[in-house]
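# Structure assessment
Okay, here's what each chain looks like letter by letter:
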Amino acid sequence: MHELAVTQSILEIVEKHAKAAGASQVTDIHLTIGDLSSIVDDSVQFYWEIITAGTLCEHTRLHFNRIKAKIRCLECMTEYTLDHDLTPCPNCGSNQIKILSGEEFQVESIEIETESEKT
Ligand SMILES: [Zn+2]
């Protein structure tokens, strides 16, 4: 379980950007998670509510955008997407495959409120 560390790094990134933008509250965070990353949405959400207490990110809504993994077969160069687990090439059955994407985990965008908007 490394979601706590992951969640803390999200908070660090978001707070840095939010403060730089003069935010008084972060309302929404959009996260992109590759299907092959082992991140569990519910765990991130769980830790999020604990570690954001008293920060700019308290009560911020998390949006999880799951993206399918992209694979290239090294035998026949076919590219395909995965539903869940790693599977051999659908064209030639080879296991000589390269993961092009699907392991990423990143903060895609954040939405904030500033003091001036509130008044
Ligand atoms: Zn192939």
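Cut-offs used in this document
- Residues numbered from 1 in each chain as written.
- Predicted model: local features only at pLDDT ≥ 70, side-chain atom pairs only at ≥ 80, totals over all residues.
- Heavy atoms only, no water.
- Buried < 20%, exposed > 50% of the residue type's maximum accessible area, 1.4 Å probe, protein only.
- Helix = DSSP H or I, 4+ residues; strand = E, 2+ residues; numbered from the N terminus.
- Pairing = 2+ DSSP bridges.
- Right-handed = clockwise from strand over helix to strand, strands pointing away.
- Donors = N, O, S within 2.8 Å, 3.2 Å for Na, K, Ca; no water.
- Tetrahedral: all angles 85-135°; square planar, octahedral: opposite > 155°, others 65-115°.

What follows deals with the pairing of strand E1 (residues 23–34). A large share of E1 lies buried, amounting to 11 of its 12 residues. Relative to strand E6 (residues 105–114), E1 runs antiparallel, the two being bridged by nine bridges. Among the inter-strand pairings, Leu31 is bridged to a residue of E6, identified as Val107. The pairing of E1 with strand E2 (residues 61–67) spans seven bridges and is classified as parallel. The residue of E2 that forms the bridge with Asp28 is Arg61. One crossover worth recording links E1 to the parallel E2 by way of helix H2 (residues 41–51), and it is right-handed.

All right, on to unusual backbone geometry then. The phi torsion at His59 lies on the positive side, around 70°, for a residue other than glycine. Mapping His59 onto the fold places it in the loop between H2 and E2. Phi is positive for Met77, close to 65°, though the residue is something other than glycine. Note that Met77 resides in the loop between strand E3 (70–73) and strand E4 (79–81).

Turning to the coordination of the zinc ion, a few remarks are in order. Here the zinc ion is held by the protein donor atoms Cys73 (SG), Cys76 (SG), Cys89 (SG) and Cys92 (SG), which lie 2.3 Å from it. Each of the four donor atoms around the zinc ion contributes to a set of angles spanning 107 to 116°, which defines the coordination as tetrahedral. Sequence positions of the residues that donate to the zinc ion give the spacing C-x2-C-x12-C-x2-C. The class of Cys76 is partly exposed, set by a relative accessible area of 29%.

By themselves, these are just geometric observations and shouldn't be taken as functional.
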